[in-house]
Amino acid sequence: MKIIKLLTLVGLYVAHEEYAASALSLKSKLKYTVFPLRKNEEAAVVEWGNSAIISALDGVVASFGPQTSLGAFFEVETAPVLASPINGRGKKPDIPKEEDDVGIPYPGPLDNESDVHGNMVVMTNEESNMTAVAMARVAKESGAAALMIVNIDPENPDSIFTMHPESEEEAKYAEEHIDIPVIMVSLASGNLITTATYEEGMAEEDIQNNGMPERVRLYAAGDRPFFEDVVSQDPVLYLIHNLLNQEECEMLMNSAKGKLSLVDDATSNLLENIVAEKDHKPRAFGVEHLLLWKGQLDGHMGKQMDERIEQVTGYPKDQFSDWQIFKYEKGSKYELHYDSHPIYSPIATITVFLNEVSGSGGGGTTTTITTTTTTTTGGEIVYPKAGNDEKPIMIQPKKGLAVVHHNTDFEGHFDFASLHGDLPMDDLFVGEAKYVARKYVYATPLPSSKRVVLPILAIVSGGKLPRWVVAVHNRLLDWFGLEKGTLYFDKLCTLLPVLLVLAIAGIIAHVVREKTVSRTDVDAKKGKKE
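Parameters at a glance
Residues numbered from 1 in each chain as written. Predicted model: local features only at pLDDT ≥ 70, side-chain atom pairs only at ≥ 80, totals over all residues. Heavy atoms only, no water. Helix = DSSP H or I, 4+ residues; strand = E, 2+ residues; numbered from the N terminus. Buried < 20%, exposed > 50% of the residue type's maximum accessible area, 1.4 Å probe, protein only. Contact = heavy atoms within 4.5 Å. Areas by Shrake-Rupley, 256 points an atom, 1.4 Å probe, with all protein chains shown as cover. Pairing = 2+ DSSP bridges. Axes fitted to C-alpha atoms, helices over the stretch in contact; angles between N-to-C directions. Parallel < 35°, antiparallel > 145°, perpendicular 65-115°, else oblique. Left-handed = near helix turned anticlockwise from the far one by under 90°. Nonpolar A, V, L, I, M, F, W, Y, C, P; charged D, E, K, R; others polar. 1 Å grid on protein atoms, 1.4 Å probe; cavity = no way out; pocket = protein on both sides within 12 Å on 5 of 7 lines; lining within 4 Å. Points joined across faces, edges and corners; volume = space filled by probe spheres on them. Phe/Tyr/Trp six-rings, centres within 6.5 Å; stacked < 30°, edge-to-face > 60°. Salt bridge = Lys/Arg side-chain N within 4 Å of Asp/Glu carboxyl O.

Participant: Just give me the short version of the overall build of the protein chain, but keep the residues and values in it.
Facilitator: What the protein chain contains, in helices and strands, is 9 helices and 21 strands. Across the 530 residues that make up the protein chain, the buried fraction comes to 49%. A sequence separation of at least 24 residues applies to 79% of the contacts in the protein chain between residues at least 6 apart. About 25500 Å² of surface is accessible on the protein chain, with carbon and sulfur atoms providing 54% of the total.

Next comes the structure, spelled out in structure tokens:
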């Protein structure tokens, strides 16, 4: 996780003012690059360590060779060995194709083929001038049990992609000869595995196996979360597949049923993250929402989700907001906007699609997921200013998929490229609804008023905060301003449990006293009779 400085309130207000002047809208005709590109069946994991500490890398499987669906034929447990030369070629020229015309040009086996034999060889694709199939042939003919290709892309160290044969001849050769798993990992992952056993200050002669672990296990990712890099800056934007499972998605949707209300962002409800723009024009049209106040009172499943998000993203869970559920039906849309707040600074936003919607490419059902497009199927999230206005991004809905964007840049300044919106649900979605869950990551932990007291007040209504609490918060802000009003509200929330305890104690004391007086009167009457 990249560390981001605290965003100042001044930056937030500037962001709003600059946004108000923006000429972009959801109607702008842009050539979007469409995501997600990766699929579950292409995801692989390289894992090492023991039961106490386990480390893992995310990889993508080549379209040739054993696939994850083959189970045991794909899984490998062996030692990782760095190729020599590292890119599989060095200065070697290609060996011509065999006379029977079944081979492909390649530079011959590795110099350290005796070390590679039976192990997973690690190569880079830097200046190799070889196709993925040619690199797989180098590994295969060196006796490797698997091939890991590290994608060298200094400008985008998290970038990985699915490798394909580049001709019919290569496809035929791969089908007939490549029977070892071939995966790609990012430069960042390559750096991680080659420093797995390195400790600061270690002498060069003490470094074993080029800093790599003694053994690793390669297997299909299945339903485990895995990353897909979208834009490395302007803004930082990436996807996490399978962040939530089906049961968790269903639980969040069911928790919101019967409690949703239309978003009114023409006026602010800062307590529940609804921020009006300076012009007070609405950005949300036909969108329903609910903030599920759970905090530290969340159940087992909710705590599991937060712990997983903390583990996967690196953000501490005490800086998470509660889930905010949004529902979109036919015609619903959320115009372009920024995620900002004048009191609490959201440094990042995590948005999870809770269900599939027909017509979207979320399940990999359309051909547009590998291309750019100017058309939409409805319900996508778009980032028109991504890549410094040069790479507009469109994210299609896919159940359990998380879209993570940073609201600040690496220096902690507000990132104006984080402008985003939800495209309208068009005529294909009659009778259907799109649900998303949003969680904000703040620069500092939230106060106990929002983690304990407000969730207690929301228990009776299943997580929905009583409207009188919102009204009290708004009134205090009107009377005392943002800073003092927020301070007084937090103090009031802190005092509320004390006052409640005192009130209960007073009621109990009153009841006890009444009973004591009643008994005294009864005893007195009995005494007179006697």
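Participant: Can you lay out unusual backbone geometry for me, pointing to particular residues and giving the numbers?
Facilitator: The phi torsion of most residues other than glycine is negative, and most of the peptide bonds are trans. The residue after F35, namely P36, is reached through a cis peptide bond having omega 5 degrees. Counting through the fold element by element, P36 comes out in the loop between β1 (32–35) and β2 (43–49). Along the chain, S84 connects to P85 via a cis peptide bond; the corresponding omega equals 0 degrees. In this fold, P85 is placed in the loop between β5 (80–82) and α2 (113–116). Phi is positive for N273, which is not a glycine, with a value near 65 degrees. Relative to the helices and strands, N273 resides in the loop between β12 (261–262) and β13 (284–291).

Participant: An account of the pairing of β13 is requested, with residue identities and associated values reported.
Facilitator: Most of β13 is tucked away: 6 of the 8 residues are buried. Both β12 and β13 contribute to a ladder of 2 bridges, which runs antiparallel. Its bridge partner lying in β13, S261 is registered against H289. As paired strands, β13 and strand β14 (residues 324–337) are joined by 7 bridges and run antiparallel to one another. Each residue of the ladder has a partner; that of H289, found in β14, is F326.

Participant: So what about the packing of helix α3 (residues 132–141) against helix α4 (residues 168–177)? Which residues, and what values?
Facilitator: Contact geometry for α3 and α4: axes closest at 10 Å, N-to-C directions at 25 degrees. Comparing the axis directions of α3 and α4 gives the class roughly parallel. Judged by the twist between their axes, the crossing of α3 over α4 is left-handed. Each of V133, R137, K140 and E141 in α3 lies in contact with α4, whose residues at this interface are E170, Y173, A174 and H177. Residue composition of the contact of α3 with α4, by class: 3 nonpolar, 1 polar and 4 charged.

Participant: I'd like a rundown of empty space enclosed by the protein, residues and numbers included.
Facilitator: A complete count under the given rule lists 3 cavities of 30 Å³ or more for this structure. Of the volumes computed, that of the largest cavity is approximately 250 Å³. In terms of lining, the largest cavity is formed by 21 residues, of which the most central are N273, V275, Y338, D339 and Y440. Elements supplying a minimum of two residues to the lining of the largest cavity: β14 and β21 (434–442). Taken together, the residues that form the lining of the largest cavity break down as 9 nonpolar, 6 polar and 6 charged. The computed volume of the second largest cavity comes to approximately 140 Å³. N273, W293, Y442, L446 and K450 are, among the 13 residues lining the second largest cavity, the residues nearest its centre.

Participant: Can you explain the packing of aromatic side chains? Please cite residues and give values.
Facilitator: Here the structure, examined in full by the defined rule, presents 8 aromatic pairs. Centre to centre, the rings of Y338 and F414 are 5.2 Å apart; their planes meet at 80 degrees, and the pair counts as edge-to-face. In this pair, Y338 sits in the loop between β14 and β15 (346–353) while F414 sits in the loop between β19 (402–406) and β20 (420–422), placing the two residues 76 residues apart along the sequence. Summarising the burial analysis for this pair, Y338 and F414 share the class buried. When the centroid spacing of 4.8 Å and the interplanar angle of 90 degrees are considered together, the rings of F480 and Y488 count as edge-to-face.

Participant: Lay out the pattern of salt bridges with the relevant residues and their values.
Facilitator: According to the stated counting rule, one finds 17 salt bridges in the structure shown. Notably, a salt bridge pairs E47 with R224, separated by 3.5 Å at the nearest N-O pair. Of this pair, E47 sits in strand β2 while R224 sits in the loop between β9 (216–220) and β10 (226–231); the two residues are 177 residues apart in sequence, bridging distant segments of the chain. Its relative accessible area of 34% is what places R224 among the partly exposed residues. Measuring nitrogen to oxygen at the nearest pair gives 3.6 Å for the salt bridge that ties D490 to K450. Taken together, the positions of D490 in helix α9 (residues 467–529) and K450 in helix α8 (residues 448–457) put the pair 40 residues apart, joining distant regions of the chain. Here D490 matches K450 in class, with each residue buried.

Participant: Now, about the side chain of K333: what can you tell me, with residues and values included?
Facilitator: Examined against the element boundaries, K333 turns out to sit in strand β14. Among the residues examined, K333 registers a relative accessible area of 16% and is labelled buried. In this structure K333 touches L26, R283, A284, F285, V287, Y328, D422, L423 and P424, once residues within four positions along its chain are discounted.

Participant: An account of the layout of surface pockets is requested, with residue identities and associated values reported.
Facilitator: Counted as a void, the largest pocket has a volume near 1200 Å³. Lining the largest pocket are 34 residues; nearest its centre among them are A56, D58, F227, Q311 and V312. Among the elements of the structure, β2, β3 (54–61), α5 (187–193), β10, β11 (237–241) and α7 (300–313) are those that each provide at least two residues to the lining of the largest pocket. In the lining of the largest pocket, the residues fall into 18 nonpolar, 8 polar and 8 charged.

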